[in-house]
Amino acid sequence: MGFSKGVFLILYLFLFFFNHSFSSLGLSSKELSEIPINFLKFAKKSEVFDWMVGIRRKLHENPELGYEEFETSKLIREELDKMGISYKYPVAVTGVIGSIGSGKPPFVAIRADMDALPIQEKVEWDHKSKNPGKMHACGHDAHVAMLLGAAKILQENHKLIKGTVLLVFQPAEEGGGGAKKMIDAGALENVEAIFGLHVASHVPLAEVESRSGPLLAGSGFFESVISGKGGHAAIPQHSIDPILAASNVIVSLQHLVSREADPLDSQVVTVAKFQGGGAFNVIPDYVTIGGTFRAFSKESLIQLKQRIEEVIMGQAAVQRCNATVNFFSNEKPLFPPSVNDKDLHKLFQKVAGNMFGSDGVKDMQPLMGSEDFAFYQEVIPGYFFFLGMKDETMKQNPLPHSPYFRLSEDGLPYGAAMHASLVVRYLLEYQMEIPVVTVDSHDEL
Ligand SMILES: *[C@@H]1O[C@H](CO)[C@@H](O)[C@H](O)[C@H]1NC(C)=O
Ligand SMILES: [Zn+2]
Ligand SMILES: [Zn+2]
């Protein structure tokens with residue numbers, strides 16, 4: 001097999017240099033740079049734009065919470081059916097994974113989350129939420145509309161897809177760890193890279209923001225019941241006061257970040273819940289406290305988790321109380337930090353630069369917020385960015401999770417075109433080395 005080995009080696013070297021010194025698959029760099037512009041033009045066409053707006057509004061009127069996104073998922077499948085795009089369903093309860101392209105490797109994925117929040121919408125407009133106490137206050141309605149928009153662009157330009165694009169519609173981003181369930185269900189099998197975006201109501205239209213490396217913090221939640229012995233508030237010597245014990249616990253927890261963490265490694269511990277007692281003259285039996293902790297590395301996060309438990313148990317014992325600590329490992333798994341791959345960052349800068357010009361591509365500081373997109377990034381290279389959808393008609397733009405949250409629907413074409421451009425360019429600019437290496441190694445083994 002010496003002959004074919006030599007041929008493959010020459011072929012490999014030729015393609016390697018061809019790929020690196022010229023552009024990919026015969027497309028000039030000018031042609032590559034026009035892809036995002038053409039996709040955006042297509043997404044801005046009135047029939048495509050109106051269709052996306054329609055989907056977004058329908059979802060906004062009918063928000064569903066994590067793992068209950070049945071109507072949302074149905075709407076997605078109906079739209080995929082209309083476009084003739086095949087999909088897997090159900091994945092992780094309500095999730096859908098569409099597939100466009102050759103059906104063969106390389107596989108690259110784009111993701112949207114589908115869930116709403118338990119918030120009563122306070123924005124008065126024609127498409128206000130019809131589900132009491134539920135609202136798309138994080139823009140996941142727009143995420144779904146933009147991923148379907150990307151599907152339309154990709155279907156229209158399927159000849160440009162050198163491999164397979166997976167459209168990942170996942171449930172339960174808001175604390176439910178839907179991404180983790182999708183991965184457990186095999187969503188990332190053979191997938192090389194994944195992209196995701198989030199609407200940003202404070203960033204102007206035609207602008208995107210992100211960074212290479214750590215972007216969003218990892219997070220966990222905890223709840224603790226501190227039990228003492230209730231009794232008359234005027235005879236404390238006959239009681240064990242859990243309110244005082246819990247107060248000391250909370251103060252001690254604040255020392256984890258101020259005294260134990262590296263000041264250059266940003267971390268947060270917040271006690272956001274403190275419940276106990278009721279009467280002015282009764283020491284209660286127990287107090288419940290709870291909160292969240294955040295860090296930019298998995299090590300720091302695990303360290304915080306361990307120390308939170310130790311401090312609660314130890315400090316409660318100092319006051320003669322017992323304590324239990326719950327980290328909700330099943331319902332609310334520890335979210336890893338969201339870390340952007342540096343090569344994908346370069347691709348993002350090129351693609352977004354083509355679409356928005358360099359002024360529209362901003363570098364941002366990391367945020368202490370969390371995203372369950374980080375679960376994908378723990379497994380394969382991933383890239384997450386923020387898309388400007390600021391509503392310029394408003395004096396102030398409430399942030400996500402506000403009952404007044406709003407965004408400009410004019411941003412939808414940008415998100416759809418970014419999704420589609422990133423995956424098409426990824427496959428065009430990264431795929432050539434893979435099949436050749438595969439042929440070579442098959443020959444040898
Ligand atoms: C703590 O737990 C121990 C062992 O179960 C028990 O004997 C004690 O009464 C508890 N103390 C309080 C204050 O609940
Ligand atoms: Zn959210
Ligand atoms: Zn969100």
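Residues numbered from 1 in each chain as written. Chains lettered and ligands numbered in written order. Predicted model: local features only at pLDDT ≥ 70, side-chain atom pairs only at ≥ 80, totals over all residues. Heavy atoms only, no water.

1. Some details on the coordination of the zinc ion (ligand 3)
Next up, step 1: Taken together, the protein ligands of the zinc ion (ligand 3) are Cys-138 (SG), His-140 (NE2) and His-198 (NE2), with distances of 2.1 to 2.3 Å.
Next up, step 2: All donor residues of the zinc ion (ligand 3) come from one chain, and their arrangement in sequence is C-x1-H-x57-H.
Next up, step 3: Between the zinc ion (ligand 3) and the zinc ion (ligand 2), both coordinated by Cys-138, there is a metal-metal distance of 3.2 Å. On the criterion of sequence distance, the pair formed by His-140 in helix H5 (residues 140–156) and His-198 in strand E5 (residues 191–200) is long-range, its members being 58 residues apart. (Donors = N, O, S within 2.8 Å, 3.2 Å for Na, K, Ca; no water. Helix = DSSP H or I, 4+ residues; strand = E, 2+ residues; numbered from the N terminus.)

2. What to know about the coordination of the zinc ion (ligand 2)
Next up, step 1: Every protein donor of the zinc ion (ligand 2) is accounted for by Cys-138 (SG), Glu-174 (OE), Glu-174 (OE) and His-401 (NE2), and the metal-donor separations fall at 2.0 to 2.7 Å.
Next up, step 2: Bound by 4 donor atoms, the zinc ion (ligand 2) shows angles of 53 to 150 degrees at the metal and therefore irregular coordination geometry.
Next up, step 3: Taken in sequence order, the residues that donate to the zinc ion (ligand 2) follow the motif C-x35-E-x226-H. (Tetrahedral: all angles 85-135°; square planar, octahedral: opposite > 155°, others 65-115°.)

3. Brief notes about the site of ligand 1
Next up, step 1: Taken together, Ser-227, Gly-228, Ile-240, Arg-320 and Asn-322 make up all the residues around ligand 1.
Next up, step 2: When the free accessible area of ligand 1 is taken as 360 Å², the share hidden by the protein chains comes to 35%.
Next up, step 3: Classifying every residue of the shell around ligand 1 gives 1 nonpolar, 3 polar and 1 charged. (Near = heavy atom within 4 Å. Areas by Shrake-Rupley, 256 points an atom, 1.4 Å probe, with all protein chains shown as cover. Nonpolar A, V, L, I, M, F, W, Y, C, P; charged D, E, K, R; others polar.)

4. Regarding the UniProt feature "domain: Peptidase M20 dimerisation" (unreviewed entry) in the protein chain
Next up, step 1: As annotated in UniProt, the feature "domain: Peptidase M20 dimerisation" (unreviewed entry) corresponds to residues 218–313 in the numbering used here.
Next up, step 2: As a span, residues 218–313 carries 36% helix and 35% strand, and end to end its C-alpha atoms are 24 Å apart. (UniProt positions renumbered as here; feature names shortened; annotations may be inferred.)

5. A short note on the side chain of Ser-300
Next up, step 1: Relative to the elements of secondary structure, Ser-300 occurs in helix H8 (residues 298–318).
Next up, step 2: Beyond its immediate sequence surroundings of up to four residues, Ser-300 is in contact with Asp-265, Gln-267 and Ala-295. (Contact = heavy atoms within 4.5 Å.)

6. Focus on the sheet that holds strand E3 (residues 107–113)
Next up, step 1: Across the sheet, which stays open at both edges, the 8 strands sit in the order E1-E2-E4-E3-E5-E16-E6-E15 with mixed pairing between neighbours. Since the sheet does not close on itself, it has two edges, and those belong to strand E1 (86–91) and strand E15 (361–363), each with one partner. Between one strand axis and the next, the sheet turns through 25 degrees on average, direction left out of account.
Next up, step 2: Alignment of strand E6 (residues 208–210) against strand E16 (residues 382–388), held across 2 bridges, turns out to be antiparallel. Looking at E16, one finds that Val-208 is bridged to Leu-387.
Next up, step 3: Its contacts with the sheet place H5 against strand E2 (95–101), E3, strand E4 (164–170), E5 and E16, and it is angled at close to 150 degrees to E3.
Next up, step 4: Those strands touched by helix H9 (residues 342–356) are E5, E6, E15 and E16, and its axis lies near 30 degrees from that of E16. (Pairing = 2+ DSSP bridges. Axes fitted to C-alpha atoms, helices over the stretch in contact; angles between N-to-C directions.)

7. With respect to the pattern of salt bridges
Next up, step 1: In the structure shown here, the tally under the stated rule is 21 salt bridges.
Next up, step 2: A salt bridge links Asp-372 to Arg-111, with the nearest nitrogen and oxygen atoms 2.8 Å apart. Remark: Arg-111 occurs in strand E3 and Asp-372 occurs in the loop between E15 and helix H10 (374–379); sequence separation between them is 261 residues.
Next up, step 3: Judged by its relative accessible area of 0%, Asp-372 is buried.
Next up, step 4: Judged by relative accessible area, which is 1%, Arg-111 ranks as buried.
Next up, step 5: Across the pair Glu-223 and Lys-273 runs a salt bridge whose closest N-O atoms are separated by 2.6 Å. Of this pair, Glu-223 sits in strand E8 (residues 218–227) while Lys-273 sits in strand E10 (residues 267–276), and the two are 50 residues apart along the sequence.
Next up, step 6: Owing to a relative accessible area of 24%, Glu-223 belongs among the partly exposed residues under this scheme.
Next up, step 7: On the basis of relative accessibility, which here comes to 29%, the residue Lys-273 falls in the partly exposed class.
Next up, step 8: Each of Arg-56, Arg-57, Asp-141 and Glu-409 takes part in salt bridges that share partners, so that together they form one network. (Salt bridge = Lys/Arg side-chain N within 4 Å of Asp/Glu carboxyl O. Buried < 20%, exposed > 50% of the residue type's maximum accessible area, 1.4 Å probe, protein only.)

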